[in-house]
Amino acid sequence: MCGSISDARRLFDEGVGYGDNVVLWNVMIDGYVRHGTFGSAKKLFDRMPHRSVVSWNGLIAGYAQNGFFKEAIDVFREMEGEGVEPNYVTVVSVLPAIARLGDLGLGKWVHTFVEKNKIDVDEVLGSALIDMYSKCGSIEKAVQVFGDLPKANAVTWNTLIGGLAMHGRAKDAIKCFKAMERSGIIPSDVTFIGVLNACSHGGLVNEGCAYFDRMVREYNLKPRIEHYGCMVDMLGRAGLLEEAEELLSSMPMQPDDAILKALLWACRVHCEVELGKRISKRLMELAPREGGCYVLLSNMYASIGDWESVAKVRLLMKELDIRKDPGSSWISIDGAVHEFVVEDDSHPRTKEIYSMLEGMSERLRLAGYVSDTTQVLLNVEEEEKETALRYHSERIAVAFGLISTKPGSMLQVVKNLRICADCHSSMKLVSKIYRRTIIVRDRNRFHHFKYGSCSCKDYW
């Protein structure tokens, strides 16, 4: 607790390091987890002569809470393999990791385990299950879990509203908010983040402004920076960039990089170069080494064909040694997570994947699809742009899903960046051609592609 992890380890080794006292082993492992030295924690865990369920829970929770989601799930599977039965704490600890990786199959298994073993689904576990189903693409199941809860509180309502917002079901999110009010539960500032986010994704500008006003006047809640972020994002998406900039200027606190990037993204989408320059300047002053700002600015110039300005921004990035976050997509097949980057050729089934990509491209062409090469932000020939679009990470993941699953089964892909307009258009057609439901979770929201259309109604 005092931060002297080396002293703790020396005492552990001298006194009990090779004994059978599981509590002391757990304390030492917990110490490593608290200090973020997960390699040492796992090595010690693997050496334990006897492990209790507390030992497993501590490592799973430590990984999940610190962003090591795959490692958390790997330990959970190892726990299963050794025949150790999970308990309430295990389930609550591993569900957030499952949610972040979008592994719906494993999430369903955990939920079934909860039901079979009659583990009490209270507000905490209920909220975790709702969040898991929402983030794994099954919003209908999230709604069902909420409906089955013996009692709902502010946290479970907030989780459901946030999940509906993430899936673009703005009107359903607002209905939930009204039902929450009728039930007598007073909305919190977190509730309004979910409602405003729903209005943003649904293009409900008037409703969003009204709820922002109600939050302040009716519930006496002081807007946080997250609320202003939702409002700026909502106005920017709708093309109301002057209003967004005015709101930015009237904020009682300094905007953070997330708000500025949201407005810069809107400038790029709506080709508002002058405002984009002003916002990017502020963003560079606030976070001079934030690569996303330089990439957005470069992309904005590229979208209008100003390749000289693109070159200047890229050169500045090189001088400052700032690198773009690589885009990646992953898909879970039979419990295994397969991750891909653009033009990825590292997978054992690369030949089959690329053969499927060629087949997809041909069938898309026959269906009348034409590549939107404006989405390739490089100064190259049109043919090269078309090739670059064909090998975006989400397309590779979908191609792998098509060759790895039965016809008609749903495919679910998670992407770390926003999906581009061309991939969005092609996914709609792929869902129709191959008769598949394809769910893509990008950085901002879910897209449900089915029968040639998307749940976002092309507004994202």
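Here goes a summary of the coordinates provided. (Residues numbered from 1 in each chain as written. Predicted model: local features only at pLDDT ≥ 70, side-chain atom pairs only at ≥ 80, totals over all residues. Heavy atoms only, no water.)

## Examining the environment of Asp-30
Along the polypeptide, Asp-30 turns up in helix α2 (residues 22-34). Look at Asp-30 and you get partly exposed, because its relative accessible area is 34%. (Helix = DSSP H or I, 4+ residues; strand = E, 2+ residues; numbered from the N terminus. Buried < 20%, exposed > 50% of the residue type's maximum accessible area, 1.4 Å probe, protein only.)

## Here we look at the packing of aromatic side chains
For the structure on display, the rule yields 14 aromatic pairs. Geometrically, the ring pair formed by Phe-45 and Trp-56 is edge-to-face, given 4.9 Å between the ring centres and 80° between the ring planes. Of this pair, Phe-45 sits in helix α3 (residues 38-47) while Trp-56 sits in helix α4 (residues 53-65), placing them eleven residues apart in sequence. On the accessibility criterion, Phe-45 (0% relative accessible area) is buried. Among the residues examined, Trp-56 registers a relative accessible area of 0% and is labelled buried. Ring plane angle 85° and centroid distance 5.3 Å describe the contact between Phe-177 and Tyr-211, whose orientation is recorded as edge-to-face. One end of the pair, Phe-177, is in helix α11 (residues 170-182); the other, Tyr-211, is in helix α13 (residues 205-217), and 34 residues separate them in sequence. A connected cluster of aromatic rings, assembled from ring pairs, spans Phe-177, Phe-192, Tyr-211 and Tyr-219. Its end group placed over the ring of Phe-45, Arg-51 keeps NZ or CZ at 4.3 Å from the ring centre. Its end group placed over the ring of Trp-265, Arg-268 keeps NZ or CZ at 5.4 Å from the ring centre. (Phe/Tyr/Trp six-rings, centres within 6.5 Å; stacked < 30°, edge-to-face > 60°. Lys NZ or Arg CZ within 6 Å of the ring centre and 35° of its normal.)

## Examining the nonpolar core
In terms of nonpolar packing, the biggest core is built from 104 residues, with Leu-95, Ile-98, Met-132, Tyr-211 and Leu-248 touching the most fellow members. Counting residues per element, this core draws most heavily on helix α18 (residues 291-303), which supplies eight residues. In this structure, Leu-248 is in contact with Val-232, Pro-255, Ile-259, Leu-260, Leu-263, Ile-279 and Arg-282, ignoring residues within four places of it in sequence. Judged by nonpolar contacts, the second largest core, of 30 residues, contains Ile-331, Ile-333, Ile-419 and Cys-454. (Core = buried A, V, L, I, M, F, W, Y, C linked by side-chain atoms within 4.5 Å. Contact = heavy atoms within 4.5 Å.)

## Looking at the pattern of salt bridges
Side chains that differ in charge, positive against negative, can pair when their charged atoms come close. A complete count under the given rule lists 26 salt bridges for this structure. Measuring nitrogen to oxygen at the nearest pair gives 4.0 Å for the salt bridge that ties Asp-46 to Arg-51. The class for Asp-46 is partly exposed, based on a relative accessible area of 41%. By relative accessible area, Arg-51 is classed as partly exposed at 24%. Glu-274 is the partner of Lys-277 in a salt bridge, and the nearest nitrogen-oxygen pair spans 3.6 Å. Residue Lys-277 and its partner Glu-274 are both found in helix α17 (residues 273-286); the two are separated by three residues, about one turn of the helix. You can call Lys-277 partly exposed: its relative accessible area is 36%. Linked through salt bridges whose partners overlap, the residues forming this network are Lys-42, Asp-46, Arg-51, Glu-78 and Glu-82. (Salt bridge = Lys/Arg side-chain N within 4 Å of Asp/Glu carboxyl O.)

## Here we look at the sheet that holds strand β4 (residues 438-441)
Spatially, β2-β1-β3-β4-β5-β6 is the arrangement adopted by the six strands of the open sheet, whose pairing is mixed. Every other strand in the sheet has two partners, leaving β2 (336-341) and β6 (453-454) as the edge strands with one partner each. Here strand β1 (residues 328-333) pairs with strand β3 (residues 411-415) via three bridges, running antiparallel. Looking at the pairing, Trp-330 lines up with Val-414 of β3. Against the sheet, helix α22 (residues 393-404) engages β1, β2, β3 and β4, with an angle of about 15° to β1. (Pairing = 2+ DSSP bridges. Axes fitted to C-alpha atoms, helices over the stretch in contact; angles between N-to-C directions.)

## Section: helix α8 (residues 123-135)
In this model, α8 (13 residues) spans 18 Å end to end at C-alpha, consistent with the 18 Å of a helix rising 1.5 Å per residue. For α8, every residue scored as buried is listed here: Leu-125, Gly-126, Ser-127, Ala-128, Leu-129, Ile-130, Met-132, Tyr-133 and Ser-134. Looking at the buried positions of α8, the neighbouring elements they touch are α6 (88-101), α7 (104-116), α9 (139-148), α10 (154-166) and β5 (446-450). N-capping of α8 is provided by Asp-122, with a side-chain oxygen placed 3.2 Å from the backbone N of Val-124. Just beyond α8, the residue with positive phi is Gly-137, at close to 95°. (Expected span 1.5 Å × (residues − 1). Polar contact = N/O pair within 3.5 Å; in protein donor to acceptor, adjacent residues only side chain to side chain.)

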